[in-house]
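Residue strings, one per chain:
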Amino acid sequence: MMHGSVEDQRELVAPASSNPLIAGVERALAVCNRVIVVLASAALILACLILSYSVLTRSIFHSATYWQDEAAVFLLVGATFMTAAFVQSQRGHIGIEAFVGILSPTANRIRLTLVDVASLAFCAFFSWKSWTLAHEAWVDGQVSNSMWSPPLAIPYVLMAAGMTLLCVQILLQIITSLGKAPRS
């Protein structure tokens, strides 16, 4: 989801905070998110190619491939979780906006901040559990149950890293929101 106008492009990289430390973190996360979006796009294309290859080899050559499903799933998991912070930075996650037109701008700002705080609490718990899962998979040498047997630490680390970036993004949005003067 890239915006087209020059103003939209500036908005993507312009820090929302006047605090230099927060603004620096916002800019660094924006750059990180853009790199991740490019890599995730490549991962999605690669997953499509892998699955297409699998279908062709099974139908044309009647030959089974043992690695393609898990490789595609690993790529899709990585793309999904690693881009969550970018989507959040654009406020692109699904939200119910029924109250936006009814509430005042101040009430909407409070509502949005409360939703962000609840989202941060959930995502922080999810991130923590994902890191413990990744650590266990790494230490125990867990692999999938397929013939290919790739290490399960790979998708778990991608999931945990993506959720951690999402937590940082939400936290930055909360800090920025709390730092802004209310508009009536």
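Thresholds, definitions, all that
Residues numbered from 1 in each chain as written. Predicted model: local features only at pLDDT ≥ 70, side-chain atom pairs only at ≥ 80, totals over all residues. Heavy atoms only, no water. UniProt positions renumbered as here; feature names shortened; annotations may be inferred. Helix = DSSP H or I, 4+ residues; strand = E, 2+ residues; numbered from the N terminus. Expected span 1.5 Å × (residues − 1). Buried < 20%, exposed > 50% of the residue type's maximum accessible area, 1.4 Å probe, protein only. Contact = heavy atoms within 4.5 Å. Axes fitted to C-alpha atoms, helices over the stretch in contact; angles between N-to-C directions. Parallel < 35°, antiparallel > 145°, perpendicular 65-115°, else oblique. Left-handed = near helix turned anticlockwise from the far one by under 90°. Nonpolar A, V, L, I, M, F, W, Y, C, P; charged D, E, K, R; others polar. Phe/Tyr/Trp six-rings, centres within 6.5 Å; stacked < 30°, edge-to-face > 60°. Lys NZ or Arg CZ within 6 Å of the ring centre and 35° of its normal.

- Under an unreviewed UniProt entry, the chain has the name TRAP transporter small permease protein and belongs to Afipia broomeae ATCC 49717.
- Annotation of the chain in UniProt includes, under Function (unreviewed entry), the sentence "Part of the tripartite ATP-independent periplasmic (TRAP) transport system."
- Note on the chain: under the UniProt heading Subunit (unreviewed entry), the record states "The complex comprises the extracytoplasmic solute receptor protein and the two transmembrane proteins."

1. Side note on helix α5 (residues 105-140)
Right, on to step 1. An ideal rise of 1.5 Å per residue puts 52 Å on 36 residues; α5 measures up with 51 Å between its terminal C-alpha atoms.
Right, on to step 2. Regarding α5, the residues found buried are Asn-108, Arg-111, Thr-113, Asp-116, Leu-120, Cys-123, Ser-127, Ser-130, Ala-134 and Ala-137.
Right, on to step 3. Here the buried face of α5 lies against α4 (84-89) and α6 (153-179).
Right, on to step 4. Backbone geometry just after α5 places Gly-141 at a positive phi near 65 degrees.

2. Here's the deal with the packing of α5 against α6
Right, on to step 1. The N-to-C vectors of α5 and α6 enclose an angle of 155 degrees; their axes lie 8 Å apart at closest approach. One element, α5, and the other, α6, form an angle in the roughly antiparallel class. Seen along the crossing, α5 lies across α6 with a hand that is left-handed.
Right, on to step 2. Taken together, the residues of the contact of α5 with α6 break down into 23 nonpolar, seven polar and two charged.

3. Side note on the packing of aromatic side chains
Right, on to step 1. Overall, the coordinates contain five aromatic pairs when judged by the stated rule.
Right, on to step 2. Their ring planes at 40 degrees and their centres at 6.5 Å tell us that Phe-74 and Trp-148 sit as a pair that is tilted. With Phe-74 in helix α3 (residues 68-82) and Trp-148 in the loop between α5 and α6, the pair connects residues that are 74 residues apart, well separated along the chain.
Right, on to step 3. What makes Phe-74 buried here is its relative accessible area of 12%.
Right, on to step 4. Three or more aromatic residues joined by ring pairs make a cluster, and in this case those are Phe-81, Phe-122 and Phe-126.
Right, on to step 5. Lys-129 extends its terminal NZ or CZ atom over the ring of Trp-128, reaching a point 5.0 Å from the ring centre.

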